[in-house]
Every structure is written in structure tokens, then in C-alpha cells.
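Remarks on the overall topology
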Amino acid sequence: MAEKAVKKLDTYVWKGANKKGAALQGEMRGASINLVKADLRRQGINPLKVAKKSSFGRRKKKITPKDIAIFSRQLATMISAGVPLVQSFEIIAQGHDNPSMQELVTTVKSDIEGGSSMAEALQKHPLYFDELFCNLVRAGEHGGILETLLNKIAMYKEKTEALKGKIKKALWYPTAVIVVAFIITAILLIFVIPQFESLFKGFGADLPAMTLMVVALSKIFQEWWWLIFGGIGLAIYAALQAKKRSIKFNHFLDKMVLHLPIIGPIITKATIARYARTMSTMFAAGVPLVEAMESVAGAAGNVVYGDAILRMRDEVSTGQQLQQAMRNTNLFPNMVVQMVAIGEEAGSLDSMLAKVADFYEEEVDNLVDSLTSLLEPLIMVVLGVLVGGMVIAMYLPIFKLGSVV
């Protein structure tokens, strides 16, 4: 019921004056104009005008992981400054530009005011606060170190998002170029090549083989363009749906990605970095190893590694050392296993895993930079051959006609 009541809160624009007569204005969220006026009076402000803010142009934005990371950092800062928890939520909600994030923070605040712990309030929103986040908050509440763990969560989220950004950077550029190249090629084949074809019919001479091939391809695109574009769109949609719903397809896709010649090593190192970072954060928070590994499996980002981590959890629960369980999967490099073994023996597993994460995050960064440097000239060559080949094929008959004349 509390959540439904919070969703009815609207934003009101107000103008007023303080006790000294100075003019003030601002925005405030509330259930009605009268409640907003009462709230302003409690703050020592005489409300002169209060009106509901127009929703025109106020489009709700999606809540991103970056928003959650900033929220964690802000909340940790507020608590360290001695601001009460509920008031911290209120300040963060009022200061956020994203209306969706404002509603989320206000909803969590209302649940806490209703008697729920912070972890329980966050668990009601699994889309934004995953099991890892809630487990760390619960550990912080029980241990009285909520501020410390919120800082760790913020750091974890920031580093994880930075890693995701590097992977997207590696994949976005070639994908965008391939899409643009396909669209340009299709436009040439459907609209430009037919103009040359009508010109060639008046030549009365045999066309070169390269020209005939391009003309034949152009006819296929002209006749079946709807099937080609529709088939590609349908294939992409089917793949996305299968990824959402099929565990087997996800397993196949993740396994295939790991074995790709150039992208595979980047994905592998990024997954190991994410595993090490998550495990280090959980272990440093005092979460038991077996309990932590379930959350780590969900945060791995790859089904192959996620399944392997769950098998490791089962082995560790029977008394097996973590480094031996990692070795049994045949997925982790020897260096990672050795560092984990040293960490277990020295009692500094969290710091060793953090070092592993730092190392592999830097490796991913270097690989992405190298890949970008390699792909730029390669893509230019491919585009040159593709577009230049069609241009040459269209001008060959003209050159041939000129030599005959």
C-alpha cells in the first residue's frame, strides 16, 4: 500500500517568503497542494503560490546502473556526514534529475519509515538492486558498517560499469560500420546500379563478368529486398528473444563468444575481472564464502563462468579450497589460481582478488585500445573494396566501350 501511495506524489512549483521577507521559490514533491503548503510552513516558509508542475516535456528516463552507483556514493557520503538515513533518502530524491529515480528513492524511504530495514526495502526492487547489492547492505546493517559497504558498492558498480563500457567500445565501432556498410551497399544495389544497367543495354556488347555479377546481385536485391531486410530483422529479433528465454541458447552463445578469435580473449578477461572484483567485495564485507559465490555467479556476466562458479560453490561447501575448486573448472589462468592460493594461505583473499581484478581490468583496457587501432584501417580496407569494387564494376563497360571507339 505504501508503494501505491508514493506513486501518487506529484511535483509542485512554489513561491514564497521566509521569516525575513526574502522571496524564495523551488520545487517540492507531495500528495496535494495543501500538504505541500503545510510542509513549507514547517520549514519556516510562507507559501504565496503553489501549483502542480506541468508534465509536458517531463519524460521519465530509464534508471541506469550509473544512477544506482551515484545513489550508493551519495548515501555513503550522507551517512558519513551524520545525516539520518531517512533524511538522506529525502535529500537524494529531491536532488535527482531523473523522475524515475526520484520515485524509486522515495519508495524505498517510505518502506524504511514503515519499519523495514534498508536491505528489505531494496529487495522489493530487484530490477535495480540485485542480490549482491542487498546482501552487502544487509551485512553493513548487521555489522554497523553501512557507510563502508556503501562505498564499496559504489566503487564496485563504477568499476563494473567502466568494464562494460570498454567491452561496448570494442563491439560498437565495428558493428556500426558493418551496419552502415550494408545499408550503403543496399542503396547502391537497389537504386544506383539499375541506372547503369539501363545505360549498358544500349551498348550492344558483352559486359565484363564482374559487371554481370554486380547486376545480378542488384536484381536479387530489387526483387527480394523486403525478404532480405525482413529476414535479417527477424533473425535479430529471434536471437534476442532466445537470449532472454532460453538457457541453452545463452550457454551456446556465451561459449561461442569465448572462443571468438579477437573478441574472445577480451570477454574472457572481462569476465575474470568481474568475478574477482565481485568476490573481493563480498569477502571484504564479511559475507561467508559459500553464500557469496551464489551472488558472484549471477554477476559473472557469462553463463559458462556462472555455471562453473556454482560448481565451485558446491565443492567449497564440502571443504574444498577455493583455489582447487577454481583449478578444477579449467577456466581460470594459472596466475589467477596461484594468487588466490596465496591469498587463502595468507588470510588476505579479498586484497589478492582485488589485485587480480585491477590487473585484468587493465588488460581489457589495453586489448580494447589495440583492437580499435587494428580495426580502423581494416574496416577502411573492407569498405574500400566493397564500395570501390561496385564502382569499378559499373565503369568497366564504359572503359571497354572507350577502347573500342
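Residues numbered from 1 in each chain as written. Predicted model: local features only at pLDDT ≥ 70, side-chain atom pairs only at ≥ 80, totals over all residues. Heavy atoms only, no water.

Let's talk about the overall build of the protein chain
In terms of regular secondary structure, the protein chain is built from 16 helices and three strands. The C-alpha radius of gyration computed for the protein chain amounts to 30 Å, which surpasses the reference 22 Å derived for 405 residues by more than 25%, pointing to a less compact arrangement than a globule. C-alpha atoms of the protein chain, sized along the principal axes, occupy 95 × 65 × 35 Å. The buried share of the protein chain, taken over its 405 residues, is 39%. Taking the contacts inside the protein chain whose residues are at least 6 apart along the sequence as the reference set, 60% of them involve residues at least 24 apart. For the protein chain, the computed accessible surface area is about 22,700 Å², with 62% contributed by carbon and sulfur atoms. Looking at charge distribution, the protein chain has the averaged site of its 45 positive side-chain charges lying 9 Å from that of its 36 negative ones. (Helix = DSSP H or I, 4+ residues; strand = E, 2+ residues; numbered from the N terminus. Rg over C-alpha atoms; globule rule 2.2 N^0.38 Å. Buried < 20%, exposed > 50% of the residue type's maximum accessible area, 1.4 Å probe, protein only. Contact = heavy atoms within 4.5 Å. Areas by Shrake-Rupley, 256 points an atom, 1.4 Å probe, with all protein chains shown as cover. Lys, Arg positive; Asp, Glu negative; His and termini not counted. Charge placed at Lys NZ, Arg CZ, Asp CG, Glu CD.)

With respect to the sheet that holds strand 1 (residues 10-17)
As summarised here, the arrangement of the three strands in space is 2-1-3, forming an open sheet in which the pairing is antiparallel. Each edge of the open sheet carries a strand with a single partner, namely strand 2 (23-30) and strand 3 (46-52). Adjacent strand axes in the sheet meet at a mean angle of 25 degrees, parallel and antiparallel pairs treated alike. With six bridges joining them, strand 1 and strand 3 adopt antiparallel strand pairing. When the bridges of strand 3 are listed, Y12 appears paired with K52. (Pairing = 2+ DSSP bridges. Axes fitted to C-alpha atoms, helices over the stretch in contact; angles between N-to-C directions.)

Some thoughts on the layout of surface pockets
Size it by volume and the largest pocket reaches roughly 1,400 Å³. Along its surface, the largest pocket is lined by 42 residues, and K164, I167, K168, R274 and G301 are the ones closest to its centre. Going through the elements one at a time, helix 3 (65-80), helix 8 (146-200), helix 10 (247-258), helix 11 (263-284), helix 12 (289-299) and helix 16 (349-404) are the ones with two or more residues in the lining of the largest pocket. Top element by residues in the lining of the largest pocket is helix 8. It accounts for twelve residues. Counted by class, the lining of the largest pocket contains 25 nonpolar, eight polar and nine charged residues. (1 Å grid on protein atoms, 1.4 Å probe; cavity = no way out; pocket = protein on both sides within 12 Å on 5 of 7 lines; lining within 4 Å. Points joined across faces, edges and corners; volume = space filled by probe spheres on them. Nonpolar A, V, L, I, M, F, W, Y, C, P; charged D, E, K, R; others polar.)

Regarding helix 8
An α-helical segment advances 3.6 residues per turn. Residues three or four places apart therefore align on the same side. Along its 55 residues, helix 8 runs 77 Å from first to last C-alpha, staying within 8% of the 81 Å computed at 1.5 Å per residue. Considering bend angle alone, the principal kink of helix 8 is centred on I193 and spans about 40 degrees; proline P194 follows within four residues of it. (Expected span 1.5 Å × (residues − 1). Bend = angle between axes of the 7 residues up to and from the residue.)

Comments concerning the packing of aromatic side chains
Summed over all chains, the structure comprises ten aromatic pairs. Residues F182 and F229 carry aromatic rings whose centres are separated by 5.5 Å and whose planes lie at 65 degrees to one another, so their mutual orientation is edge-to-face. Here the residue F182 occupies a position in helix 8, and F229 occupies one in helix 9 (residues 209-245), the gap between them amounting to 47 residues. Among the residues examined, F229 registers a relative accessible area of 34% and is labelled partly exposed. Look at W224 and W226: their rings are 6.0 Å apart centre to centre, the planes differ by 45 degrees, and that puts the pair in the tilted class. Ring pairing ties together the aromatic residues F71, F89, F129 and F133, which thus form one cluster. (Phe/Tyr/Trp six-rings, centres within 6.5 Å; stacked < 30°, edge-to-face > 60°.)

Remarks on the packing of helix 11 against helix 13 (residues 303-317)
One way to put it is that helix 11 packs onto helix 13 with a least axis distance of 11 Å and a crossing angle of 40 degrees. Judged on the interaxial angle alone, helix 13 and helix 11 are oblique. In this structure, helix 11 meets helix 13 at a crossing whose hand is right-handed. Listed contacts from helix 13 to T268, T271, I272 and Y275 of helix 11 are Y305, I309 and M312. For the contact of helix 11 with helix 13, the class distribution of residues is five nonpolar, two polar and no charged. (Parallel < 35°, antiparallel > 145°, perpendicular 65-115°, else oblique. Left-handed = near helix turned anticlockwise from the far one by under 90°.)

Examining the environment of L217
Mapped onto the secondary structure, L217 falls in helix 9. A relative accessible area of 39% means that L217 is categorised as partly exposed. Note: C-alpha distance between L217 and A186 (31 residues apart in sequence) is 10.0 Å.

Side note on the environment of L24
One can find L24 in strand 2. What makes L24 partly exposed here is its relative accessible area of 32%. Separated by 102 residues in the primary sequence, L24 and P126 place their C-alpha atoms 39 Å from one another. Beyond its immediate sequence surroundings of up to four residues, L24 is in contact with W14, K15, G16, A17, N18 and I45.

Focus: the packing of helix 10 against helix 13
In contact at an axis separation of 7 Å, helix 10 and helix 13 are set at 105 degrees when each is read in the N-to-C sense. In terms of axis orientation, helix 10 runs roughly perpendicular to helix 13. Within the contact between the two elements, helix 10 uses N250, H251, D254, K255 and L258 and helix 13 uses V303, V304, Y305 and D307. Tallied by class, the residues present in the contact of helix 10 with helix 13 amount to four nonpolar, two polar and three charged.

Focus on the pattern of salt bridges
Counting across every chain of the model gives seven salt bridges. Ionic pairing is found between E158 and R73, a salt bridge with its closest N-O pair at 2.8 Å. Residue E158 is found in helix 8, and its partner R73 is found in helix 3; the two are separated by 85 residues along the sequence. Take R73: its relative accessible area is 28%, and that puts it in the partly exposed class. (Salt bridge = Lys/Arg side-chain N within 4 Å of Asp/Glu carboxyl O.)

A short note on the confidence of the model for the protein chain
Averaged over every residue, the pLDDT of the protein chain is 82; residues scoring 70 or more account for 93%. Here helix 1 (residues 2-7) is the element of the protein chain with the lowest mean pLDDT, 42, and helix 14 (residues 322-329) is the one with the highest, 92. Low pLDDT (under 50) marks residues 1-7, which in the prediction has seven contacts with non-local residues, meaning those over four places away or in another chain. (pLDDT = per-residue confidence, 0-100.)

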